[in-house]
Amino acid sequence: MLYNFIKKLRILLKNLVLCPNCNKINLKKKLKGNEVAVCSYCGNILYRSIENLDKSLFSYAFSGLIFLIISLFYPIINLEIVGYYGVLNIIDTIIYLFENGYLFISLFTFFTIVFFPFLILINVLLFSLTLKYKKLAKFFLINITILKDYVYLDIFFIAILVSMIKIFDYGYLSINVGFFSFIIVFIIFFILFKYYNISMYWDLFENV
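Conventions adopted
Residues numbered from 1 in each chain as written. Predicted model: local features only at pLDDT ≥ 70, side-chain atom pairs only at ≥ 80, totals over all residues. Heavy atoms only, no water. Disulfide = S-S within 2.5 Å. Buried < 20%, exposed > 50% of the residue type's maximum accessible area, 1.4 Å probe, protein only. Phe/Tyr/Trp six-rings, centres within 6.5 Å; stacked < 30°, edge-to-face > 60°. Helix = DSSP H or I, 4+ residues; strand = E, 2+ residues; numbered from the N terminus. Salt bridge = Lys/Arg side-chain N within 4 Å of Asp/Glu carboxyl O. Contact = heavy atoms within 4.5 Å. Axes fitted to C-alpha atoms, helices over the stretch in contact; angles between N-to-C directions. Parallel < 35°, antiparallel > 145°, perpendicular 65-115°, else oblique. Left-handed = near helix turned anticlockwise from the far one by under 90°. Nonpolar A, V, L, I, M, F, W, Y, C, P; charged D, E, K, R; others polar.

Trainee: In this structure, what is going on with the state of the cysteines? I would like to understand it.
Mentor: Under the definition given, this model contains zero disulfides. No disulfide involves Cys-19; its sulfur sits 3.6 Å from that of Cys-42, the nearest cysteine. The exposure class assigned to Cys-19 is buried, which follows from its relative accessible area of 0%. With no disulfide of its own, Cys-22 lies 3.6 Å from the sulfur of Cys-39, the closest cysteine sulfur.

The following block contains the structure:
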């Protein structure tokens, strides 16, 4: 009898969702297509439909890997200051910082801009491909859940914009393909972890 009670309680709790905006409890319902569930109290978006989510995750992760590689190795901006002309890309910048003694900044940039984003995209890609194999998919999903908080693309993007504004006062610069690729990577990460949230990944895992 106690076992049945616990089982029913688990099913009930599984079908409840807490609104992060007003902290009110809502009953979870199944969605179709592009439907969105909103809080019945404040109207805040709670979650989106997971229909075809695995295909979307694969597409975004694969595209993200391609554009991340382009943004790392292709020039972000071309500089021309008082006769000096240079081309700047992310990998060369990290190496330059490391060689000139900026050990912490170079390692922080490498891990948060290169290593973790690359690792997360690989895990999202493999998660979407291994959903039928529960143990393997869960391993990748746990990695995603942990690693997503160690990416700071937004900070790096703001730093680039501030630097560009300051450089305009002293010389000429032109935006290159690496910069546009980085913007696309930034948008892809926004879609993967803001438009889709991590709870949707777990819902997908449990419902396949």
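What follows picks up the thread again.
Trainee: Help me out: how do you make sense of the packing of aromatic side chains in this one?
Mentor: Geometrically, a pair of aromatic rings is defined through the distance of the ring centres and the angle of the planes. Under the definition given, this model contains 18 aromatic pairs. For the ring pair Phe-189 and Phe-193, a centre distance of 6.0 Å and an interplane angle of 35° mean the geometry is tilted. Taken together, the residues Phe-189 and Phe-193, both in helix 7 (residues 177-195) and four residues apart, mark about one turn of the helix. Take Phe-193: its relative accessible area is 15%, and that puts it in the buried class. Their ring planes at 85° and their centres at 6.0 Å tell us that Trp-202 and Phe-205 sit as a pair that is edge-to-face. One end of the pair, Trp-202, and the other, Phe-205, are both in helix 8 (residues 198-207), three residues apart, so they sit about a helical turn from each other.

Trainee: Would you explain the pattern of salt bridges in this entry?
Mentor: Here the idea is simple: oppositely charged side chains can pair when their charged atoms come close. Under the counting rule described, the total for this entry stands at one salt bridge. In this structure, the salt-bridge partner of Asp-149 is Lys-148, at a minimum N-O distance of 3.2 Å. Exposure remark for Asp-149: the relative accessible area of 49% places this residue in the partly exposed category.

Trainee: I would appreciate a short explanation of helix 8 in the present structure.
Mentor: Since there are 3.6 residues in each turn of an α-helix, residues three or four apart along the chain are aligned in direction. Regarding helix 8, the residues found buried are Ile-198, Met-200, Tyr-201, Asp-203, Leu-204 and Phe-205. Elements that come into contact with the buried residues of helix 8 comprise strand 4 (45-48), helix 2 (53-73), helix 4 (103-129), helix 5 (134-147) and helix 7.

Trainee: How should I be thinking about the side chain of Ser-181 in this particular structure?
Mentor: Along the chain, Ser-181 turns up in helix 7. Judged by its relative accessible area of 3%, Ser-181 is buried.

Trainee: Which parts of the structure should I look at to understand the packing of helix 4 against helix 7?
Mentor: Between two packed helices, what matters for the description is the angle formed by their axes and the separation of those axes. Look at helix 4 against helix 7: their axes get within 12 Å of each other, and the N-to-C directions meet at 50°. When the axis of helix 4 is compared with that of helix 7, the two are oblique. Of the two possible hands of crossing, helix 4 and helix 7 adopt the one that is left-handed. Counted together, Ile-113, Pro-117, Ile-120, Leu-121 and Val-124 of helix 4 and Phe-182, Phe-189, Leu-192 and Phe-193 of helix 7 form the full contact between these two elements. Grouping the amino acids of the contact of helix 4 with helix 7 by side-chain chemistry returns nine nonpolar, no polar and no charged.

Trainee: Explain the environment of Asn-21 here, please?
Mentor: If you trace the backbone, Asn-21 turns up in the loop between strand 1 (16-18) and strand 2 (25-27). For Asn-21, a relative accessible area of 52% puts it in the exposed group. Taking the C-alpha atoms as reference, Asn-21 lies 9.2 Å from Leu-46; in sequence the two are 25 residues apart. With residues up to four places along the chain from it excluded, the contact list for Asn-21 reads Cys-42 and Asn-44.

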